[in-house]
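# Remarks on the overall topology
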Amino acid sequence: MHKSLRVLLVSSLALAMSISNAAEPLPKEVRIAYSGGAQLIVNAKVDGSLEKALGVPVKWVQFGTGADVLNLFASNSVDIANFGSSPTVSAIVRKLPIELAGISADIATYERLVARKGKNIQSLQDLAGHTVGYPPNSTAQYALDTAIQLNKIDRSKIRFVPLKPDELVAAWRRGDIDAGYVWAPFNSTLEANGGQPVFFTKDLKKDGYLIFNGISVTKAFGEKHPELVAKLLLVLEQQVTNYRRNPDAVAEAIAKELGATPAAVKESINGNNYPSIEEQLKPQWFGDGGNTDQTVLAGAVRKTAEFLGSIDQIRRTDIPASFSTSINPRYLKLAEQLKAAK
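We now turn to the structure provided with this report. Note that the coordinates shown come from a computational prediction; the quantities given were computed from them, not determined experimentally.

## Comments concerning the pattern of salt bridges
- Counted by the stated rule, this structure contains 15 salt bridges.
- Note that Arg155 is salt-bridged to Asp145, the shortest N-O span being 2.9 Å. With Arg155 in the loop between helix H6 (139-150) and strand S7 (159-162) and Asp145 in helix H6, the pair connects residues that are 10 residues apart, well separated along the chain.
- What makes Asp145 buried here is its relative accessible area of 5%.

## Structural notes on helix H11 (residues 247-258)
- Its 12 residues give H11 an end-to-end C-alpha distance of 16 Å, which sits within 8% of 16 Å, the value for a rise of 1.5 Å per residue.
- Those residues of H11 that are buried are in contact with helix H2 (41-46), helix H10 (226-245) and helix H12 (262-269).
- Positive backbone phi, at 75°, marks Gly259, one or two positions downstream of H11.

## With respect to the pairing of strand S5 (residues 111-116)
- Within S5, 6 of the 6 residues are buried, which leaves it mostly tucked inside the rest of the structure.
- Here S5 shows two buried faces, one formed by Glu111, Leu113 and Ala115 and the other by Arg112, Val114 and Arg116.
- Bridge count between S5 and strand S8 (residues 179-183): 5 bridges; the pairing is antiparallel. Within S8, the residue paired with Glu111 across the bridge is Trp183.

## Structural notes on the packing of aromatic side chains
- Evaluated as defined, the whole model comprises 6 aromatic pairs.
- Geometrically, the ring pair formed by Phe73 and Phe83 is tilted, given 6.1 Å between the ring centres and 55° between the ring planes. Placement of the pair is Phe73 in helix H4 (residues 66-74) and Phe83 in strand S3 (residues 80-84), with a sequence separation of 10 residues. Side by side, Phe73 and Phe83 carry an identical accessibility label, which is buried.
- Residues Phe212 and Trp285 carry aromatic rings whose centres are separated by 6.2 Å and whose planes lie at 85° to one another, so their mutual orientation is edge-to-face. With Phe212 in strand S10 (residues 212-218) and Trp285 in the loop between helix H13 (277-280) and helix H14 (296-310), this residue pair connects regions lying 73 residues apart in the sequence.
- The exposure class of Trp285 is buried, given its relative accessible area of 5%.
- The positively charged end of Arg155 is found above the aromatic ring belonging to Phe160, 4.5 Å away from the centroid.

## Comments concerning empty space enclosed by the protein
- Tallied over the full model, the rule gives 1 cavity of 30 Å³ or more.
- By volume, the largest cavity is sized at about 120 Å³.
- If you trace the largest cavity, you find 14 residues lining it, with Phe63, Phe83, Gly84, Trp183 and Asn213 closest to the centre.
- Ranked by residue count, the leading element in the lining of the largest cavity is S3, at 3 residues.
- In terms of residue class, the lining of the largest cavity is made up of 5 nonpolar, 8 polar and 1 charged.
- Both of domain 1 (30-107 + 212-341) and domain 2 (111-207) provide at least three residues apiece to the lining of the largest cavity.

Rules used in this analysis
Residues numbered from 1 in each chain as written. Predicted model: local features only at pLDDT ≥ 70, side-chain atom pairs only at ≥ 80, totals over all residues. Heavy atoms only, no water. Salt bridge = Lys/Arg side-chain N within 4 Å of Asp/Glu carboxyl O. Helix = DSSP H or I, 4+ residues; strand = E, 2+ residues; numbered from the N terminus. Buried < 20%, exposed > 50% of the residue type's maximum accessible area, 1.4 Å probe, protein only. Expected span 1.5 Å × (residues − 1). Contact = heavy atoms within 4.5 Å. Pairing = 2+ DSSP bridges. Phe/Tyr/Trp six-rings, centres within 6.5 Å; stacked < 30°, edge-to-face > 60°. Lys NZ or Arg CZ within 6 Å of the ring centre and 35° of its normal. 1 Å grid on protein atoms, 1.4 Å probe; cavity = no way out; pocket = protein on both sides within 12 Å on 5 of 7 lines; lining within 4 Å. Points joined across faces, edges and corners; volume = space filled by probe spheres on them. Nonpolar A, V, L, I, M, F, W, Y, C, P; charged D, E, K, R; others polar. Domains from an automatic or database assignment.

Shown next as structure tokens:
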């Protein structure tokens with residue numbers, strides 16, 4: 001082959017590879033679903049740090065329950081969502097094209113069962129004969145159902161009412177429900193209006209249940225814009241650092257946004273654990289991608305799926321043999337690289 005022709009072919013191949021590996025143009029906006037709960041991601045909205053980090057406008061889409069998020073993903077109305085592990089697993093099993101990219105909070109006391117004083121409800125066993133509200137298809141419902149099953153309580157003796165958090169608070173004020181399992185700051189409102197905590201989500205850990213809020217992304221968006229997902233994870237980690245440095249200021253900013261009290265917000269935020277990006281890349285969470293199904297996180301996801309199947313929220317036959325295609329550590333790895341490059 002003539003030398004000049006060979007050089008031309010090599011140059012053309014290099015150009016083609018360069019074009020194929022070129023970064024996708026930034027989207028016009030990033031659509032993020034978030035709850036109305038007192039979570040640190042709210043401060044990333046308030047202080048504008050997420051928009052600054054991503055370099056594009058963020059459209060914040062607030063949802064009431066996990067079921068809303070499934071509908072948002074199904075209709076391609078959001079790119080990323082910060083929502084609970086139970087509806088996340090439902091979405092994966094139902095084959096919505098999403099993947100879990102990171103953990104925003106390991107739930108401890110942030111979600112809890114609150115009972116009305118004077119109703120003689122001191123424990124889960126005392127729920128018999130009472131009416132209990134809960135947000136459907138949420139980590140709160142999963143924790144409540146799991147706790148009832150583990151404690152061998154007769155569900156038929158309890159009246160369950162599915163309610164969105166704001167509806168649950170309204171029902172509580174009317175006296176329609178005797179107890180409610182919900183996240184903060186809604187549970188704090190129940191407690192401020194004659195309620196007392198009876199059971200916490202963290203109480204399930206001794207039985208091997210891992211319940212969390214996570215960052216999920218559509219596979220299409222993650223494929224095109226992995227760096228944006230990684231930058232979001234970095235912003236969330238920075239928000240944890242900001243809160244630990246100045247909890248009063250961060251709590252006040254979130255409280256103003258949500259119409260809550262700073263004290264309730266601090267209680268809410270302190271009710272979670274926040275694994276760092278480095279910690280999430282260990283086998284307790286995502287691992288390094290070498291054997292995802294052997295991680296504690298994958299085991300918890302399977303346990304959640306099997307439980308949801310047992311109560312007919314999903315079909316058992318739809319539970320996949322492996323969750324490795326839906327638990328993706330690539331974004332955490334990229335975030336770690338971006339952090340190291342600073």
